[in-house]
2 protein chains.
Amino acid sequence: MMVRRGGDVTDAAPPSLLYSVKQVELATRARLDELLRPSGVTALQYTALTVLERRDGMSSAELARNSFVTPQSMSDLVGALERRGLIARSPDPASRRRHVISLTDEGRELLALHAPAVQHLEDEMLTGFTARERAVFRDLLNRARAALG
Amino acid sequence: MMVRRGGDVTDAAPPSLLYSVKQVELATRARLDELLRPSGVTALQYTALTVLERRDGMSSAELARNSFVTPQSMSDLVGALERRGLIARSPDPASRRRHVISLTDEGRELLALHAPAVQHLEDEMLTGFTARERAVFRDLLNRARAALG
DNA sequence: TCTGATACTCAGGATTCCTGATGATTGAGG
DNA sequence: CCTCAATCATCAGGAATCCTGAGTATCAGA
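Here's what I pulled together on the structure shown here.

What counts and what doesn't
- Residues numbered from 1 in each chain as written.
- Chains lettered and ligands numbered in written order.
- Predicted model: local features only at pLDDT ≥ 70, side-chain atom pairs only at ≥ 80, totals over all residues.
- Heavy atoms only, no water.
- Helix = DSSP H or I, 4+ residues; strand = E, 2+ residues; numbered from the N terminus.
- Expected span 1.5 Å × (residues − 1).
- Buried < 20%, exposed > 50% of the residue type's maximum accessible area, 1.4 Å probe, protein only.
- Contact = heavy atoms within 4.5 Å.
- Salt bridge = Lys/Arg side-chain N within 4 Å of Asp/Glu carboxyl O.
- Polar contact = N/O pair within 3.5 Å; in protein donor to acceptor, adjacent residues only side chain to side chain.
- Pairing = 2+ DSSP bridges.
- Near = heavy atom within 4 Å.
- Least-squares fit on C-alpha atoms with pLDDT ≥ 70 in both.

## Structural notes on helix α2 (residues 43-54) of chain A
All names here are of chain A.
At step 1: Taking 1.5 Å per residue as the helical rise, α2 with its twelve residues ought to reach 16 Å, and the 17 Å between its terminal C-alpha atoms agrees with that figure.
At step 2: Within α2, nine of the twelve residues are buried, which leaves it mostly tucked inside the rest of the structure.
At step 3: Residues of α2 that are buried: A43, Q45, Y46, T47, A48, L49, T50, V51 and L52.

Structural data, given as structure tokens:
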């Protein structure tokens, strides 16, 4: 077993990039949960709404794959959003087993209501970043995501 | 309400950086859970072990703050790790209400056992990254984390 | 037509994480 | 010295999340 001299933190290897990613996500999720608490939607539900905002008409199964959860779990989440009137499901004319999901006006209102605070949170995360660094950060994150399948 | 022309994805605004961070974390956590399943520890438990590997002697409350969960939740997690013999708690000589947590040899063995696969996962995430880009990625992540308090 | 894969859902249970409450300890201020 | 607020840890109970397993309907291809 390796002997460590006096527990000096600077002795240790730097944290892995996997860990750094997790830390940033944990910090943002904590802030996002707090921010969304009054509205009664969780960070995960809000995320699903933002996905639908960008890609309207996704199915529950597609959302599940996008969020790395089982179709059953996403069915629960989607059911909750539907009961709250934030989304609506309708049969897909192209395939009778699929149900396409759309934001309702109420869902869009909820997104619009919180957009400024969420943008502020993102700006806070990027404090001290130049515009160039923001672009680089976006590029690196997207490439990391793509590399993981 | 805004009218969208034909659902063209390229019409949409790019996803927020908050979302991109979440996507990378979701992808890595899914892979990490799968990777760790045989060992019976969750990704969160494994993460706590790696934190202790770098900073031995933390208290449960410190770990909780580090992971953005309540002290009660961390107490559950720490209790599970202790029952499995991966960590040991001992009273802090400097303060009788604190318990310092240390990895056991068994805990260190578990980390060593999975280190190669975890490193491989990180390498996979960084596919196509130059050494320079990896350093930049690390710097940006650390600054983002620091900016969030 | 038959077969395998996919989409969705229900039922049940395991896990995780929370709120609330309790006890012990500490340090600051009167 | 003596409150008293703050901190550490933990127990109890419950809410939320996510899973496995099972079942139905639909689709696509051999």
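So, next bit.
## Some details on the interface of chain B and chain A
At step 1: Counting residues at the interface gives 54 residues for chain B and 54 residues for chain A.
At step 2: At the boundary of chain B and chain A, one finds four salt bridges.
At step 3: On inspection of chain B and its partner chain A, the count reaches 20 residue pairs in polar contact (both at pLDDT 80 or more).
At step 4: Looking at the side of chain B that touches chain A element by element, the count peaks at 15 residues for helix α1 (residues 17-36) of chain B.

## Description of the pairing of strand β2 (residues 95-103) of chain B
Residue and element names in this part refer to chain B.
At step 1: Bridge count between strand β1 (residues 87-92) and β2: six bridges; the pairing is antiparallel. In the strand pairing of β2, I87 is matched with L103.
At step 2: In this structure, the hairpin formed by β1 and β2 is closed by a connection of two residues.

## Focus: the protein's contact with DNA strand C
At step 1: In the region of DNA strand C, 21 residues are neighbours, and A61 and R97 of chain A together with T70, S73 and R96 of chain B sit closest.
At step 2: Within the side chain of R65 of chain A, one N or O atom sits 3.2 Å away from a phosphate oxygen of DNA strand C.
At step 3: At 2.9 Å from a phosphate oxygen of DNA strand C is found a main-chain nitrogen or oxygen belonging to H99 of chain A.
At step 4: When contributions to the surface near DNA strand C are tallied by element, the ones reaching two or more residues are α3 (60-67), α4 (71-83) and β2 (95-103) of chain A together with α4 (71-83) and β2 of chain B.

## Description of the protein's contact with DNA strand D
At step 1: Around DNA strand D, the structure places 21 residues, and the nearest of them are T70, S73 and R96 of chain A together with A61 and R97 of chain B.
At step 2: Restricting attention to atoms of DNA strand D within 4 Å of the protein, one finds that 71% of them are sugar or phosphate atoms.
At step 3: Between DNA strand D and the protein, one listed contact pairs a base oxygen with a side-chain N or O atom of R97 of chain A at 2.9 Å.
At step 4: Of all the elements in the fold, those that place two or more residues in the surface near DNA strand D are α4 and β2 of chain A together with α3 (60-67), α4 and β2 of chain B.

## Structural notes on the relation of the copies chain B and chain A
At step 1: Aligned on chain A, chain B shows an RMSD of 0.1 Å; the corresponding rotation is 180° and the shift along the axis is 0.0 Å. Taken together, the rotation and translation describe the operation of a two-fold axis.
At step 2: A shared interface surface links the copies, since 100% of the contact residues of chain B are contact residues in chain A too.

## Things to note about the pattern of salt bridges
At step 1: Tallied over the full model, the rule gives 18 salt bridges over all chains.
At step 2: Close ionic contact of R98 of chain A with E62 of chain A constitutes a salt bridge, the shortest N to O distance being 3.1 Å. Of the two residues, R98 of chain A sits in strand β2 while E62 of chain A sits in helix α3, which places them 36 residues apart along the sequence.
At step 3: Given the relative accessible area of 26%, R98 of chain A is considered partly exposed.
At step 4: Between R29 of chain B and D33 of chain B there is a salt bridge; the shortest N-O distance is 3.4 Å. With R29 of chain B and D33 of chain B both in helix α1, this residue pair falls four residues apart, about one helical turn.
At step 5: Given a relative accessible area of 22%, D33 of chain B falls into the partly exposed group.
At step 6: Each of E62, D92 and R98 of chain A takes part in one network of salt bridges that share partners.

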